[in-house]
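# Breakdown of the fold
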Amino acid sequence: MRVRGWVTGERRARAAATLAALVAGAVPLAALPSPARAAGAAASAGAPVCQVRDGRLTEISGMVATDDGYVVVNDGADDEARLRIFFLDRRCAVTRTVSYPSRPRDTEDLALGRDGTIWVADTGDNDRNRETIALWRLAPGTDRPVLYRMTYPDNPHDAEALLLDAAGQPLIVTKGGSGTVVLYAPATALKQGATTPLTSLGKVVLPSTTTSNPFSFLGRGVVTGAANDPDGHRVVLRSYADAFEYDVSGGDVVAALTGGTPRVTPLPDEPQGESITYSRDGRSLLTVSESADQPAGSRPTILRYPVAATTAASPHPAEPTTAPPPSTTAARPAAQAAGIGGGRAWPLAAGAGTLLALVAVAGVLWRRHTDRR
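Keep in mind it's a predicted model, so treat the numbers as computed, not measured. (Residues numbered from 1 in each chain as written. Predicted model: local features only at pLDDT ≥ 70, side-chain atom pairs only at ≥ 80, totals over all residues. Heavy atoms only, no water.)

### Comments concerning the overall build of the protein
Spelled out, the test is: Numbering goes from the N terminus for both helices and strands, where a helix is a DSSP run of H or I of at least four residues and a strand is a run of E of at least two. Exposed residues in this analysis have more than 50% of their type's maximum accessible area, buried residues have under 20%, and partly exposed residues fall in between, with area computed by a 1.4 Å probe over protein chains only. Residue contacts are counted whenever heavy atoms from the two residues lie within 4.5 Å of one another.
Helix and strand content of the protein: 5 helices and 20 strands. Residues counted as buried form 50% of the 373 residues belonging to the protein. Considering only contacts within the protein whose residues lie at least 6 apart along the sequence, 58% involve residues at least 24 apart.

### A word on the pattern of salt bridges
Put simply, the rule reads: We define a salt bridge as a side-chain nitrogen of Lys or Arg found within 4 Å of a carboxyl oxygen belonging to Asp or Glu.
Per the stated rule, a full pass over the model turns up 11 salt bridges. The partner of Arg103 in a salt bridge is Glu80, with the nearest N and O atoms 2.9 Å apart. Here Glu80 lies in the loop between strand 3 (69-74) and strand 4 (84-89) and Arg103 lies in the loop between strand 5 (94-99) and strand 6 (109-112), a separation of 23 residues in the sequence. Overall, Arg103 belongs to the partly exposed group, its relative accessible area being 47%. A residue is classified by how much of its surface remains accessible, and Glu80, at 49% relative accessible area, is partly exposed. The partner of Asp122 in a salt bridge is Arg130, with the nearest N and O atoms 3.4 Å apart. Here Asp122 and Arg130 have matching classes, each one buried.

### Thoughts on the pairing of strand 5
Counted only if it meets this: Pairing between strands requires that DSSP locate at least two bridges from one strand to the other.
Sheet topology note: the strand 4/strand 5 ladder contains 5 bridges and is antiparallel. Following the sheet pairing, Phe86 is matched in strand 5 by Thr97. Joining the antiparallel neighbours strand 4 and strand 5 is a turn of 4 residues, in which Cys92 adopts a positive phi near 75°.

### Brief notes about unusual backbone geometry
With a phi angle near 55°, Ser216 is a residue other than glycine that sits in the positive phi range. With respect to the helices, strands and loops of the structure, Ser216 is situated in the loop between strand 13 (195-205) and strand 14 (225-228). With a phi angle near 60°, Asp269 is a residue other than glycine that sits in the positive phi range.

### Topic: the state of the cysteines
Our working definition: Here, a disulfide means two cysteine sulfur atoms that sit within 2.5 Å of each other.
What the rule picks out here adds up to 1 disulfide. A sulfur-sulfur separation of 1.9 Å characterises the disulfide bridge that pairs Cys50 with Cys92. Here Cys50 and Cys92 share a disulfide; its torsion about the S-S bond, 50°, makes the bridge right-handed. Of this pair, Cys50 sits in strand 1 (residues 47-51) while Cys92 sits in the loop between strand 4 and strand 5, and the two are 42 residues apart along the sequence. Each member of the pair, Cys50 as well as Cys92, carries the same accessibility label: buried.

### A word on the packing of aromatic side chains
Just so we agree on the cut-off: Pairing of aromatic side chains requires ring centres within 6.5 Å, counting the rings of Phe and Tyr and the six-membered ring of Trp. Pairs whose planes differ by under 30 degrees are stacked, by over 60 edge-to-face, and all others tilted.
Considering all chains together, one arrives at 4 aromatic pairs under this definition. Residues Phe215 and Tyr240 carry aromatic rings whose centres are separated by 4.6 Å and whose planes lie at 45° to one another, so their mutual orientation is tilted. Here Phe215 is found in the loop between strand 13 and strand 14, whereas its partner Tyr240 is found in the loop between strand 15 (234-238) and strand 16 (242-247), with 25 residues between them in sequence. When its relative accessible area of 9% is taken as the criterion, Phe215 is described as buried.

### Some thoughts on the sheet that holds strand 5
Worth spelling out the cut-off: Only C-alpha atoms enter the line fits that serve as axes; for helices the fit covers just the stretch in contact. Angles between N-to-C directions range over 0 to 180 degrees.
Read from one edge of the open sheet, 4 strands run 2-3-4-5, paired in antiparallel fashion. The outermost strands of the open sheet, each flanked by one partner alone, are strand 2 (60-65) and strand 5. Ignoring which end each strand starts from, the neighbouring axes of this sheet average 20° apart.

### Quick notes on the nonpolar core
Let me state the cut-off plainly: Throughout this description, the term nonpolar core refers to a set of buried Ala, Val, Leu, Ile, Met, Phe, Trp, Tyr and Cys residues connected via side-chain atoms within 4.5 Å.
Of all hydrophobic cores here, the largest spans 20 residues; its most connected members are Leu163, Val173, Leu237, Tyr246 and Leu257. The set of elements that each furnish at least two residues to this core consists of strand 10 (159-164), strand 11 (170-174), strand 12 (180-186), strand 15, strand 16 and helix 3 (253-259). Per-element tally for this core: the top contributor is helix 3, with 4 residues. Contacts of Val173, omitting those with residues within four sequence positions, involve Ala159, Glu160, Ala161, Leu163, Val181, Val182, Leu183, Val223 and Leu237. Listed in part, the 16 residues of the second largest apolar core include Ala111, Leu135, Met150 and Leu164.

### Side note on the side chain of Arg130
Using the following cut-off: For this analysis, a polar contact is any N or O atom pair within 3.5 Å, provided that within protein one partner can donate a hydrogen and the other can accept it, and provided that sequence-adjacent residues contribute only side-chain to side-chain pairs.
One can find Arg130 in the loop between strand 7 (118-122) and strand 8 (133-138). Only 3.1 Å separates the side chain of Arg130 from the backbone oxygen of Thr132, close enough to count as a polar contact. In contact with Arg130, other than residues within four places in its own chain, are Arg105, Asp106, Asp122, Thr123, Gly124, Asp125 and Pro156.

### Focus on the environment of Asn126
Mapped onto the secondary structure, Asn126 falls in the loop between strand 7 and strand 8. The class for Asn126 is buried, based on a relative accessible area of 2%. Residues Asn126 and Ala159, 33 residues apart in the sequence, show an inter-C-alpha distance of 8.6 Å.

### With respect to the sheet that holds strand 15
Strand order across the open sheet formed by 4 strands is 14-15-16-17, with antiparallel pairing between neighbours. Edge positions in the sheet fall to strand 14 and strand 17 (263-266), since each has one partner strand and no second. In this sheet, neighbouring strand axes are inclined to one another by 20° on average, regardless of whether the strands run parallel or antiparallel. The pairing of strand 16 with strand 17 spans 4 bridges and is classified as antiparallel. When the sheet's bridge partners are listed, Phe244 is paired in strand 17 with Val264.

### As for the environment of Arg238
Topologically, Arg238 is positioned in strand 15. A relative accessible area of 0% means that Arg238 is categorised as buried.

The quantities given are spatial measurements derived from coordinates; they are silent on function.
Dropping the structure here:
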């Protein structure tokens, strides 16, 4: 499924442009740089590692690094040739593929166990109408993934991120939409041929950032991928804009995410950043974007970012007190643009009006999308 939460393909690009234009037109002074932040706030792009040239890999949604290269999956695709687990060498060339014994619905992320087990999260649900979600487990040395079905305890969720706990058991991270996401785990042992109930383990509040990305502030409030580091001491969540890295103590991944304060690595202006993983030495974060809806000739490129320093981020609800420079943001939350906590003289009505306009446009675009399905 190529819909990524709000709109699809061409409509998604139009939506991003429309929303950015609305914000730029409604709050022009909010984009003026603040001298206090302009000097050091610019985010650096990732360093290219290799380019994926296989035409089947245009919708990469999940990636893990291995000793020999990388493993990747597309998200839900109509073409059977794309619905595989792809193994790449260090130059991003496909060396082999593994097929699923039955058709997956919407594969979104990968996780790599310490024993080499590959987990595939078949958890995408943009319309939030799936009765069950699934995990595929590919054991080392095998070529036939095993399917495990699960069901949420409350209501369907769209989820695009997968982690493993200290025991190697899967943790599902919902996509969210407003800066808060939920962690779910199987309530009992996974069993082939049965449906395992999930249980909620808590919420994660993402930090507030101003990093530029194709979806403006909407892209900063969702989780599109996750990864464990090789030694089990860190985990990372990513949005369309940033990577949030948490320290794990005593193997307790859930406590790290729900109670920890992350370090932030900006991932500025990635075309449609869905995937993230650690390098095998743990010194870098590796990302890759989808390329299906990008300009002709675009190819997915694995990018490398050094892991963040030990500077912690502020919680998501707290807005920056000064406006960021244009190089680090295309639009900011309406409350900040209106001057709440920022020292601007803009009236509250301007921010409220902008927010209402954005909500209205998003609603219309979503309505059009659902009517055409």
